[in-house]
Amino acid sequence: MTEHDVLKLIKQADKAISTEDFDALMHFYADDAVLVVQPGQIAEGKSEIKKAFEAIVKHFKNALTVTQGVAQVIEGADTALVIMETHLHIGETAVPITRRATYVFKRDQNHGWLCTVDNSYGTDLLDAD
């Protein structure tokens, strides 16, 4: 089975995060995208998302590597819902932090697939108060 184009983009975005190439990372997002920074905190638009990623990497002392595990893509009406394991490797830590993330991508006629909702916390947001 061929890997969905959105999954290929996510891998490229993960590489941009891991190498701290935030200008390249912004090409994966729609102008009005949102990023769940942490439960209760959302970054809106590319400018805020870029600042959030810069702060996240700084928080992890520039030792964050992101990879993906099992994934499913559900596509309909030029929209794709991605449910996947996101692995956060911090420094030399042997065991990564694993989250069951949810992402929403919209197909743009000019730019292809763009992320509109980036939620690495997935349904765990339901547990946050």
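Analysis parameters
Within every chain, residues take consecutive numbers counted from 1 along the sequence as written. Local features are withheld for residues below a pLDDT of 70 in this predicted model, meaning they are given only at 70 or higher, and side-chain atom pairs are given and counted only at 80 or more; totals for whole chains, interfaces and linings count all residues. To get the side-chain values, all heavy atoms of the structure are used, and hydrogens and water are removed first. Here, a strand pair is defined by DSSP locating no fewer than two bridges between the strands. Segments assigned H or I by DSSP are reported as helices when at least four residues long, segments assigned E as strands when at least two residues long, and all are numbered from the N terminus. All axes here are fitted lines through C-alpha atoms, helices being fitted over the stretch that makes contact, and every angle between N-to-C directions spans 0 to 180 degrees. Throughout, a contact is declared for two residues whenever any of their heavy atoms are within 4.5 Å. Using a 1.4 Å probe on the protein chains alone, a residue whose accessible area is under 20% of its type maximum counts as buried, one over 50% counts as exposed, and one in between counts as partly exposed. Only protein atoms enter the 1 Å grid used here, on which a cavity is any set of points holding a 1.4 Å probe that cannot leave and a pocket is any open set flanked by protein within 12 Å on both sides along at least five of seven lines; residues with an atom within 4 Å of a point are listed as lining. Grid points are joined across faces, edges and corners, and a volume is the space filled by probe spheres set on the points. Residue polarity is assigned by list, with Asp, Glu, Lys and Arg as charged and Ala, Val, Leu, Ile, Met, Phe, Trp, Tyr, Cys and Pro as nonpolar; anything else, Gly included, falls into the polar class. The salt bridge definition used is simple: a Lys or Arg side-chain nitrogen within 4 Å of an Asp or Glu carboxyl oxygen.

(A) Summary view of the sheet that holds strand S2 (residues 41-44). In spatial order, the strands read S2-S1-S6-S5-S4-S3; together these six strands make up an open sheet with mixed pairing. Pairing within the sheet leaves two strands with one partner each, and these edge strands are S2 and strand S3 (64-76). Strand-to-strand, the axes of this sheet are offset by a mean angle of 25°, without reference to chain direction. Pairing of strand S1 (residues 29-38) with strand S6 (residues 112-119), which is carried by three bridges, proceeds in the parallel orientation. Each bridged residue has a counterpart across the sheet, and for Val 34 the counterpart in S6 is Val 117. Across the sheet, helix H1 (residues 5-18) lies against S3, strand S4 (79-90), strand S5 (97-108) and S6, angled at about 160° from S3, the strand it touches most. Relative to S1, helix H3 (residues 45-59) is tilted by about 35°, and along the sheet it contacts S1, S2, S3 and S6.

(B) Region of interest: unusual backbone geometry. The phi torsion at Glu 20 lies on the positive side, around 60°, for a residue other than glycine. Tracing the chain through its elements places Glu 20 in the loop between H1 and helix H2 (22-25). By relative accessible area, Glu 20 is classed as partly exposed at 32%. Even without a glycine there, the phi angle at Asp 78 is positive, about 55°. Within the element layout of this structure, Asp 78 appears in the loop between S3 and S4.

(C) Summary view of the environment of Thr 79. Among the secondary structure elements, Thr 79 is positioned in strand S4. By relative accessible area, Thr 79 is classed as partly exposed at 26%. Taking the C-alpha atoms as reference points, Thr 79 and Leu 114, 35 residues apart in sequence, are found 9.5 Å from one another. Ignoring any residue separated from it by four or fewer positions in sequence, one finds Thr 79 in contact with Ile 74, Val 104, Phe 105, Lys 106 and Trp 113.

(D) Spotlight on the layout of surface pockets. Considered as a void within the structure, the largest pocket measures approximately 540 Å³ in volume. As for the largest pocket, its lining consists of 32 residues, of which Leu 35, Phe 53, Ile 56, Asp 118 and Ser 120 are closest to the centre. Per-class residue counts for the lining of the largest pocket are 23 nonpolar, six polar and three charged.

(E) Spotlight on the pattern of salt bridges. For the structure shown, the criterion picks out six salt bridges. For Arg 107, the salt bridge is made with Glu 75, and the minimal N-O distance between the two is 2.6 Å. Taken together, the residues span a long stretch of sequence, with Arg 107 in strand S5 and Glu 75 in strand S3 at a distance of 32 residues. Under the relative-accessibility criterion, Arg 107 is labelled partly exposed at 35%. Put simply, Asp 78 and Arg 107 hold a salt bridge, and the shortest N to O gap is 3.0 Å. Separated by 29 residues along the polypeptide, Asp 78 in the loop between S3 and S4 and Arg 107 in strand S5 bring together distant segments of the chain. Judged by its relative accessible area of 34%, Asp 78 is partly exposed.

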